[in-house]
Structure formats: C-alpha cells, structure tokens
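# Examining the three-dimensional arrangement
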Amino acid sequence: MSGSFNGQALVDKLTKLNNGQQSIETLSHWCIFHRKKAKQVVETWQQQFYCAPRDQRISFLYLANDILQNSRWKGLEFIDEFWKVIPGALSDVFNNGGEIGRSTVIRLVSNIELYIHIFYFCHV
C-alpha cells in the first residue's frame, strides 16, 4: 500500500468498485490505512457516490459499511465523517434503487446504527 494519500487514486478505485467481496474489502483496507485522511476519503466517497450509476451506489454503501465495521478498533475518524453523509446516501438508494436498493438499505441501517451507537456514543 502506498504510504501517501492520493485523492485521484481514490477516485479511480471508487470508479472500479463493484459488489464483489474482494473489491469492497481491498478498497476498505486501503481507506482504513489512510484513516488520518478520513475527512477527504469520505468527502470523495460522497462526491463519487452521487456521480456513480444507480446500480453501483449499493457497492458504495457496502464499502462504507465495511469501513465502519473494520475501522472501529483504530479510531472514530470514519464514524465521525460518515455520520454526516450516510443518511443522504441511504435515502437516495432507498428511494431510487428499486426493491434491491430498499432491502439493502434496511439491512445496512441496522448495522450502521449499531456501529455508530456502540463505537461513538459509548466512547465519547
């Protein structure tokens, strides 16, 4: 993994993101490695989310979920940043993603709420 953060590299990686477990986990680990740049990572994630085709947006939600789940032991940087953008992204997929989008959001909301509650409110 590269030692320095590169915003364009993240854009390129997000463009290639798919629903495959390897794709999501690889990019999640890269983002967590660069957790000191969590604000930039999440801002870029948000910008690219709204530029992505509707069918790819679910992959973005899976990526955010994986980052939240796997970064929780290393710090609250991603929880603090995703807290600001996840509600809008979830709403977008729920309202515009068809039945698959709605069912994905319902499943992810319970996970995301749990992570935020346990690792943000219990650690503050």
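First, a word on what this report is: a plain description of the structure on this page. (Residues numbered from 1 in each chain as written. Predicted model: local features only at pLDDT ≥ 70, side-chain atom pairs only at ≥ 80, totals over all residues. Heavy atoms only, no water.)

## Side note on the environment of D66
The cut-off we apply is this: To qualify as a helix, a DSSP run of H or I must reach at least 4 residues; to qualify as a strand, a run of E must reach at least 2; elements of each kind are numbered from the N terminus. Residue exposure (1.4 Å probe, protein chains only): buried if accessible area is under 20% of the type maximum, exposed if over 50%, otherwise partly exposed. Any two residues whose heavy atoms approach within 4.5 Å at even a single point are treated as in contact.
In this fold, D66 is placed in helix α4 (residues 57–71). Taking the relative accessible area as the measure of exposure, D66 reaches 12% and is therefore buried. With 42 residues separating them in the primary sequence, D66 and I24 have C-alpha atoms 7.4 Å apart. Discounting chain neighbours no more than four positions away, the residues touching D66 are I24, E25 and S28.

## Describing helix α5 (residues 77–96)
Let me state the cut-off plainly: Multiplying 1.5 Å by the helix residue count minus one yields the expected span of that helix.
The first and last C-alpha atoms of α5 sit 29 Å apart over 20 residues, in line with the 28 Å expected at 1.5 Å per residue. Within the span of α5, buried status applies to F78, I79, E81, F82, V85, I86, A89, L90, D92 and V93.

## Some thoughts on the packing of aromatic side chains
Two measures describe an aromatic ring pair: the distance that separates the ring centres and the angle between the ring planes. For clarity, the cut-off: Between rings of Phe, Tyr and Trp, where Trp is taken as its six-membered ring, a pair exists when centres lie within 6.5 Å; planes separated by under 30 degrees are stacked, by over 60 edge-to-face, and by other angles tilted. To sit over a ring, a charge needs its Lys NZ or Arg CZ within 6 Å of the ring centre and within 35 degrees of the ring normal.
If you walk through the whole model with that rule in mind, you get 7 aromatic pairs. A centroid spacing of 4.8 Å and a plane angle of 85° characterise the contact between F49 and Y50, whose relative ring orientation is edge-to-face. Clustering of aromatic rings is evident, with ring pairs tying together W45, F49, Y50, F60, F78 and F82. A cation over an aromatic ring shows up here: R57 above the ring of F49, its NZ or CZ 5.3 Å from the ring centre.

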